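Here is what each chain is made of, one letter per residue.
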Amino acid sequence: MWKWRSAGIIALASVCGAGLAQERPRAEEPSHAIEQGARAGEQPGPAAGLTSQLCRIDIKGDKKDQWMRLPKAESSVTQHRLNAGGKSFDYTATAGTLIIRDDEDKPTASMGYIAYTRHDLKGARPLMFAFNGGPGSSSLWLHMGVLGPKRVVVSDPGPTPAGPYRTVDNEFGVLDRSDLVMIDPVGTGVSHAVCDHRDDEFWAVDPDIDSVSRFIAQYVSDNNRWTSPKYLLGESYGTTRGAAIVNYLRARRSFAFNGLILVSVATDIEAIFAELPGNDRPYAVYLPGYAAVAWYHHMLPNQPTALEPFLTEVRAYAMGPFTAALLKGDALGDADREAVAQKMHEYTGLSVEYLKAANLRVSEIAFAHELLKAQRKTLGRLDGRFVGPTMDPLEKYTNYDPQSSAISAAFAAAFLDYYHGELRFGQGSTYRTTNSGVGEHWKWVHKTEHGEQPMVNSGVDLAEALVKDANLRVLVLNGYYDLATPFSATEYVMAHLGLPPGLGARIDMKYYEAGHMMYVHPPSMAKMKRDLDAFIDATAAPH
């Protein structure tokens, strides 16, 4: 039950490392970043002065000492040029904070962001908002991994050598197609609650959706981007958040996105959380994902030559005979149990004895521990291609992620050097790359138009958005070797949105020969760039 006790930090919780430090004091202190004068299209606008007035209204006599520490939007604006992959252009980077406000226009949180814009192209430029997941992860992984103008160079699929780490101009970023805003939710990066609010007020499904939605709408207003084609990209729990935000903003602000990009999908949490008591759904949808990882490591008793034809066979078994066997529960007969265990052995490489002892139900952290146990090696949960030494072969579950261990320090160090140095922001502040406290205290309840969900499934929100917004398109990116949010679970989730006939054609599925963070694999990063470009090109221009 290790994973469930950890409160479901879905994917990037173990990608912590260097940037995770002690909690930042909650007092509303301004950062020591460079403040610059108003710049058209980039500053947070006139809200800062109003913010001060509203905070003063709330402060009582015994808190007069806080009047000098009122929250205010801060930013550092710097100019840069990208030269990579035959591309050369100038861009503006704005690293800063934006004060979000409630319905009474009272400040609730200071949210950190990094925005990139180009001013050399005419017309309404596309605008992409992006974030990672966790819950409790900052946006540095997507930022420095694939989307931004700089990226950190890491090894794949082995450990990245110790520092000094290398950062290069990123030819695979999105700036040639779209402006970009990377968002850090409250409790991550330098984002924190203000004006007598607490960070943990935002650590739940619906407050998180609301706060990030407010950030997006305010950024668009402050920077006069209402007519820009707009995109939302989320990874892992960021897909849970993103699928809900497109519907939340549509319903409350008449705010429409041209496209939603879901990277390593976690919209239906119950479908991917094994070991919730009585929940058998994940085990069937995991099976093709396990088969892909076992195929990669040549652990199958009859190793197929090609991956995808083999997966077609496994998908059919998982959705048919294997699901039927799980539905029988304790009523499954011995002969049938033996037959299922034998078939699972053929598809996963796990021993028949182990599979029977596990009652045919193997969680992803158990699979990661067991597959190469005879070699005393552990698989990466985020990316099953990565392996590391097993600390204790007698354990039932893996207790670390070799992929996270291989890349975290490089990502954190490269980003913080860039953030404080080249972007000149955040000095004197603690930047939380991953905040484990967020996931540990996260509340999973989600209220929808159709009632309250005890465990969030924002696929309901996505379906409603697709029904009510005829222009919304969805791009789904899957890594074959992702054990945290398996591609096969995503296929199940996307097939169970309950859409009217024909609407599913607006969802495009793409696959990569990598894991959860497919962009650490250079060929997959190049393919991801092509897929994003094609998606933006097809949805940003008038039809």
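See the structure printed just above.
Undergrad: Sorry, what's going on with the overall build of the chain here?
TA: The helix and strand inventory of the chain stands at 16 helices and 16 strands. For the chain, the residues scored as buried account for 61% of the 543 residues in total. In the chain, of all internal contacts separated by at least 6 residues, the share reaching a separation of at least 24 is 73%. A total accessible area of about 20,500 Å² is found for the chain, and carbon and sulfur atoms account for 53% of it.

Undergrad: Is there a simple way to think about the pairing of strand β1 (residues 75-84) in this case?
TA: Regular strands place side chains that alternate from one sheet face to the opposite one. Burial analysis of β1 places seven of its ten residues in the buried class, the great majority of the element. Pairing between β1 and strand β2 (residues 87-101): ten bridges, direction antiparallel. Within β2, the position partnered with Val 77 by the bridge is Thr 94. Between β1 and β2, which pair antiparallel one after the other, the connecting turn spans two residues, and Gly 85 there sits at a positive phi close to 60°.

Undergrad: How should the pairing of strand β15 (residues 473-479) be read in this particular structure?
TA: Counting buried positions along β15 yields six of seven residues, so the element is predominantly enclosed. Alignment of strand β10 (residues 259-265) against β15, held across five bridges, turns out to be parallel. Counted as the bridge partner of Val 263 is Leu 477 from β15. Pairing of β15 with strand β16 (residues 507-512) involves six bridges; the strand directions are parallel. Residue Asn 478 lies in a different strand from β16, and its bridge partner there is Tyr 511. For the handedness criterion, the β-α-β arrangement of β15, helix α15 (residues 487-494) and β16 is classed as right-handed.

Undergrad: Honestly, the environment of Pro 321 in this entry has me stumped. Any pointers?
TA: With respect to the element layout, Pro 321 can be found in helix α8 (residues 307-328). Taking the C-alpha atoms as reference, Pro 321 lies 8.1 Å from Val 340; in sequence the two are 19 residues apart.

Undergrad: Looking at this structure, I do not really get the packing of helix α7 (residues 281-296) against helix α9 (residues 334-348). What am I missing?
TA: How two helices pack is summed up by the angle between their axes together with the distance between the axes. Where α7 contacts α9, the axes come no closer than 7 Å and their chain directions differ by 45°. Taken together, the axis directions place α7 and α9 in an arrangement best described as oblique. The residues of α9 that touch α7, namely those facing Leu 287, Tyr 290, Ala 291 and Ala 294, are Met 344, Tyr 347 and Thr 348. Residue classes in the contact of α7 with α9 are distributed as six nonpolar, one polar and no charged.

Undergrad: Explanation requested: helix α16 (residues 522-540) in the structure shown.
TA: Every α-helix winds through 3.6 residues per turn, so residues three or four apart in the chain are directed the same way. With 19 residues, α16 extends 27 Å between its outermost C-alpha atoms, agreeing within 8% with the 27 Å of an ideal straight helix rising 1.5 Å per residue. Within α16, burial applies to Ser 524, Met 525, Ala 526, Met 528, Lys 529, Asp 531, Leu 532, Asp 533, Phe 535, Ile 536 and Thr 539.

Undergrad: Hey, could you run me through helix α4 (residues 205-222) in this one?
TA: Helix length check: α4 (18 residues) gives 26 Å between terminal C-alpha atoms against 26 Å at 1.5 Å per residue, within 8%. Taking burial as the measure, the 18 residues of α4 include 14 buried ones, the bulk of the element. Remark: Asn 224 follows α4 within two positions and exhibits a positive phi of approximately 55°.

Undergrad: Explanation requested: the packing of aromatic side chains in the structure shown.
TA: Any aromatic ring pair is given by two values, namely how distant the centres are and how the planes are angled relative to each other. Scanning the model with the defined rule gives 28 aromatic pairs in all. Ring geometry for Tyr 317 and Phe 322: centres 6.3 Å apart, planes at 15°, overall stacked. Pair check on accessibility: Tyr 317 and Phe 322 agree, each one buried. Ring-pair connections join several aromatic residues into one group, and the members of that group are Tyr 296, Tyr 480, Tyr 481, Phe 487 and Tyr 511. Just above the ring of Phe 255 sits the side chain of Lys 230; from NZ or CZ to the centre is 5.4 Å. It is Lys 527 that lies over the ring of Tyr 512; its NZ or CZ is 4.4 Å from the centre.

Undergrad: Explanation requested: the side chain of Arg 337 in the structure shown.
TA: Considering the arrangement of structural elements, one finds Arg 337 in helix α9. Of the buried charged residues, Arg 337 lacks a salt bridge, with Asp 334 as the closest side chain of opposite charge at 4.7 Å. Sequence-distant contacts of Arg 337, defined by excluding residues within four places in its chain, comprise Gly 329, Asp 330, Leu 332, Asn 359 and Leu 360.

Undergrad: Got a minute to help me understand the pattern of salt bridges in this structure?
TA: When their charged atoms lie close together, side chains carrying opposite charge are able to pair. Using the criterion set out here, one finds 36 salt bridges in the structure. Notably, a salt bridge pairs Lys 87 with Asp 176, separated by 3.3 Å at the nearest N-O pair. Pair noted here: Lys 87 is in strand β2 and Asp 176 is in the loop between β6 (167-169) and β7 (179-183), with a separation of 89 residues, a long-range link. By sharing partners, the salt bridges in this structure join Lys 87, Asp 176, Arg 177, Lys 529, Asp 533 and Asp 537 into a single network.

Undergrad: Before we go on, may I ask you to explain the nonpolar core in this structure?
TA: Here is a general trend for soluble globular proteins: nonpolar side chains tend to be buried in one another's company. Phe 129, Phe 215 and Ile 216 are the most contacted members of the largest nonpolar core, which totals 61 residues. Top element by residues in this core is α4. It accounts for eight residues. Discounting residues that sit within four places of it in the chain, Ile 216 has contacts with Phe 129, Ile 183, Leu 232, Ile 245, Leu 249, Phe 255 and Phe 257. Val 152, Leu 233, Leu 416 and Tyr 512 belong to the second largest nonpolar core, which has 57 residues in total.

Undergrad: What is the right way to look at the packing of helix α5 (residues 237-253) against helix α14 (residues 459-468) in this model?
TA: Where α5 meets α14, the axes come as close as 8 Å, and the angle between the chain directions of the two elements is 45°. Classified by the angle between their axes, α5 and α14 sit oblique to one another. Pair α5 / α14 crosses with left-handed handedness. In this structure, α5 uses Ala 243, Ala 244, Val 246, Asn 247 and Arg 250 to contact α14, whose residues at the interface are Asp 461, Leu 462, Glu 464, Ala 465 and Lys 468. Classifying every residue of the contact of α5 with α14 gives five nonpolar, one polar and four charged.

Thresholds, definitions, all that
Residues numbered from 1 in each chain as written. Predicted model: local features only at pLDDT ≥ 70, side-chain atom pairs only at ≥ 80, totals over all residues. Heavy atoms only, no water. Helix = DSSP H or I, 4+ residues; strand = E, 2+ residues; numbered from the N terminus. Buried < 20%, exposed > 50% of the residue type's maximum accessible area, 1.4 Å probe, protein only. Contact = heavy atoms within 4.5 Å. Areas by Shrake-Rupley, 256 points an atom, 1.4 Å probe, with all protein chains shown as cover. Pairing = 2+ DSSP bridges. Right-handed = clockwise from strand over helix to strand, strands pointing away. Axes fitted to C-alpha atoms, helices over the stretch in contact; angles between N-to-C directions. Parallel < 35°, antiparallel > 145°, perpendicular 65-115°, else oblique. Nonpolar A, V, L, I, M, F, W, Y, C, P; charged D, E, K, R; others polar. Expected span 1.5 Å × (residues − 1). Phe/Tyr/Trp six-rings, centres within 6.5 Å; stacked < 30°, edge-to-face > 60°. Lys NZ or Arg CZ within 6 Å of the ring centre and 35° of its normal. Lys, Arg positive; Asp, Glu negative; His and termini not counted. Salt bridge = Lys/Arg side-chain N within 4 Å of Asp/Glu carboxyl O. Core = buried A, V, L, I, M, F, W, Y, C linked by side-chain atoms within 4.5 Å. Left-handed = near helix turned anticlockwise from the far one by under 90°.

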